Amino acid sequence: MPAAILLVAGLFIFITLPPRTVTMATGPAGGAYHELGLRYREILARSGVRLRLVNTTGGLDNLARLRNRRSGVHAAFIQGGTTTKEESPKIESLGTLFFEPLWLFYRSGIGEGLERYRGRRISIGPEGSGGRALALEILKRTKVDAVVGELSGFPPQEAADKLIAGEIDIAFVVLGWDSPVVRRLMAADGIEVASVPRPDAFVALYPFLSKVVLPAGVADLAADLHPAIQYLLLNAAVAIHSPPGIFQKAGQFPAAESVDLPLSEEAQRFYKSGRPVLQAYLPFWMAALVERFLVVFVPVLVLLYPALRLLPQGYDWLMQSKIRRLYDEMKAIERELASGQEPRGVLDAKLDRLYQSASELQLPVKYASMQYTLRMHLDLVRARIAASGAGK
């Protein structure tokens with residue numbers, strides 16, 4: 001039984017080891033999320049984990065794939081404000097990774113206030129992107145949606161090209177400050193970036209927004225992953241997102257913030273105590289194996305300890321019981337001898353069979369003395385039979 005339990009525990013450890021391949025939903029090829037995914041892939045590869053990247057249309061598409069277990073997606077970048085704990089109960093956050101500004105670029109000379117948008121051609125981002133959902137919400141909240149002309153859904157690069165060429169008038173883009181698209185638009189003649197009036201009001205209405213120099217959405221890393229892989233991604237997040245930037249201080253990200261989704265238990269432990277001790281001193285797979293061994297075998301050994309202590313006693317009882325059975329048969333012969341009812345020949349035959357059984361008894365060396373003692377007692381019984389003249 002203990003061996004069977006240990007075998008099952010070993011199989012459980014093998015089955016629950018971290019996967020060697022993890023799938024992450026990023027964003028459009030060449031986009032900021034895709035470029036981030038490439039950096040994560042490089043870091044995870046150092047620990048022997050293959051990160052497979054899936055190009056998507058953006059944050060909402062990423063969220064849909066995370067919700068769908070059949071998609072095979074284990075982790076994804078999503079923007080703050082795209083879901084809630086109630087809407088996505090099986091998805092957890094590994095924390096906030098960086099500020100992701102919502103930029104509003106427009107062509108110079110198209111007016112101010114509401115007139116800036118009246119009848120204008122506006123790009124709000126492609127279908128499935130979190131930036132598009134945020135832009136639509138802001139247009140609706142500010143009542144601008146009632147006066148706009150044509151809404152289109154160009155990716156950031158294409159939107160920048162069309163804005164500079166005069167084919168559209170306004171472009172909402174959600175990109176980091178270091179994005180080539182943002183740098184190009186900031187330097188382009190005839191293109192301006194809008195200031196947002198009453199930013200504190202937007203922050204109050206939308207807790208997932210943060211006021212920095214410009215209103216900014218917050219990008220999260222959402223996951224449904226093996227605990228060890230979560231720690232691996234969090235270590236990669238520290239390496240990628242902790243340096244300082246125009247909107248953040250050094251070490252500000254990743255952060256233990258959970259605006260939309262709850263932090264996973266592993267993420268909470270990571271932000272409180274850092275990565276597991278074993279991962280700091282052992283290669284990733286060795287640390288994962290040792291962690292699973294400790295989690296599974298320590299409780300099993302605690303449960304088995306009483307049984308293991310009783311095992312030698314049980315074995316000793318089993319060996320001695322073989323000797324006691326023969327002693328019981330010998331005592332039966334002695335009772336028959338005392339009654340004087342059995343002929344001597346019958347008693348001798350029974351004693352011969354008993355002596356043969358004692359000689360053929362297979363016992364460990366530890367119990368050999370008991371076997372020899374039994375034979376001596378049998379010889380004494382034989383002598384008593386001969387001296388009694390039984391059966392005459």
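Going by the structure above, here's the rest.
Reading guide: rules and limits
Residues numbered from 1 in each chain as written. Predicted model: local features only at pLDDT ≥ 70, side-chain atom pairs only at ≥ 80, totals over all residues. Heavy atoms only, no water. Helix = DSSP H or I, 4+ residues; strand = E, 2+ residues; numbered from the N terminus. Contact = heavy atoms within 4.5 Å. Pairing = 2+ DSSP bridges. Right-handed = clockwise from strand over helix to strand, strands pointing away. Phe/Tyr/Trp six-rings, centres within 6.5 Å; stacked < 30°, edge-to-face > 60°. Lys NZ or Arg CZ within 6 Å of the ring centre and 35° of its normal. Salt bridge = Lys/Arg side-chain N within 4 Å of Asp/Glu carboxyl O. Buried < 20%, exposed > 50% of the residue type's maximum accessible area, 1.4 Å probe, protein only. Patch = residues over 30% accessible without salt bridge, like charges linked within 9 Å, V, L, I, M, F, W, Y side chains within 5 Å. Areas by Shrake-Rupley, 256 points an atom, 1.4 Å probe, with all protein chains shown as cover.

Novice: Can you help me understand the environment of Ile191 in this one?
Specialist: Along the polypeptide, Ile191 turns up in strand β8 (residues 191-193). Distance from Ile191 to Phe105, taken between C-alpha atoms, is 6.7 Å for residues 86 residues apart in sequence. Not counting residues up to four positions away in its chain, the partners in contact with Ile191 are Phe105, Tyr106, Arg107, Ser108, Leu163, Ile164 and Leu185.

Novice: I tried to follow unusual backbone geometry on my own but got confused; where do I start?
Specialist: In most cases, non-glycine residues show a negative phi, while peptide bonds are predominantly trans. At Lys143, a residue that is not glycine, the phi angle is positive and equals roughly 65°. Position of Lys143 among the secondary structure elements: in the loop between α4 (130-141) and β6 (150-152).

Novice: Mind showing me how you'd approach the pairing of strand β2 (residues 50-54) here?
Specialist: Along any regular strand, the residues point their side chains to alternate faces of the sheet. Bridge count for strand β1 (residues 21-25) against β2 is five bridges, and the pairing is parallel. Bridged to Ala25 within β2 is Val54. One crossover worth recording links β1 to the parallel β2 by way of helix α2 (residues 32-45), and it is right-handed.

Novice: Explain the packing of aromatic side chains here, please?
Specialist: Pairs of aromatic rings are described using the distance from one ring centre to the other and the angle between the two planes. A full pass over the atoms with the stated rule returns four aromatic pairs. Between Phe270 and Tyr271, the aromatic rings sit 5.6 Å apart at their centres with planes inclined by 85°, giving edge-to-face as the arrangement. An aromatic cluster of three or more residues is present, and its members are Tyr33, Tyr40 and Phe77. Across the ring face of Tyr106, the terminal group of Arg116 is positioned such that the distance to the ring centre comes to 4.1 Å. A cation over a ring is seen here: Lys162 above Phe154, with NZ or CZ 5.0 Å from the ring centre.

Novice: Looking at this structure, I do not really get the pattern of salt bridges. What am I missing?
Specialist: Two side chains that carry opposite charge are able to pair once their charged atoms sit near each other. Applying the stated rule across the entire model yields 15 salt bridges. A salt bridge links Arg269 to Glu266; the shortest N-O distance between them is 3.3 Å. Remark: Glu266 and Arg269 occur in helix α9 (residues 265-273); sequence separation between them is three residues, near one turn of the helix. Relative accessible area serves as the criterion here: at 42%, Arg269 is assigned to the partly exposed category. A residue is classified by how much of its surface remains accessible, and Glu266, at 11% relative accessible area, is buried.

Novice: Honestly, a nonpolar patch on the surface in this entry has me stumped. Any pointers?
Specialist: Taken together, the side chains of Val277, Tyr281, Leu282, Met286 and Leu289 define a hydrophobic patch exposed on the protein surface, amounting to about 530 Å² of accessible area. Within the residue set of the nonpolar patch, elements represented by two or more residues are α10 (277-281) and α11 (284-339). Tracing the sequence through the fold places Leu289 in helix α11.

Purely spatial values, then, with no claim about function.
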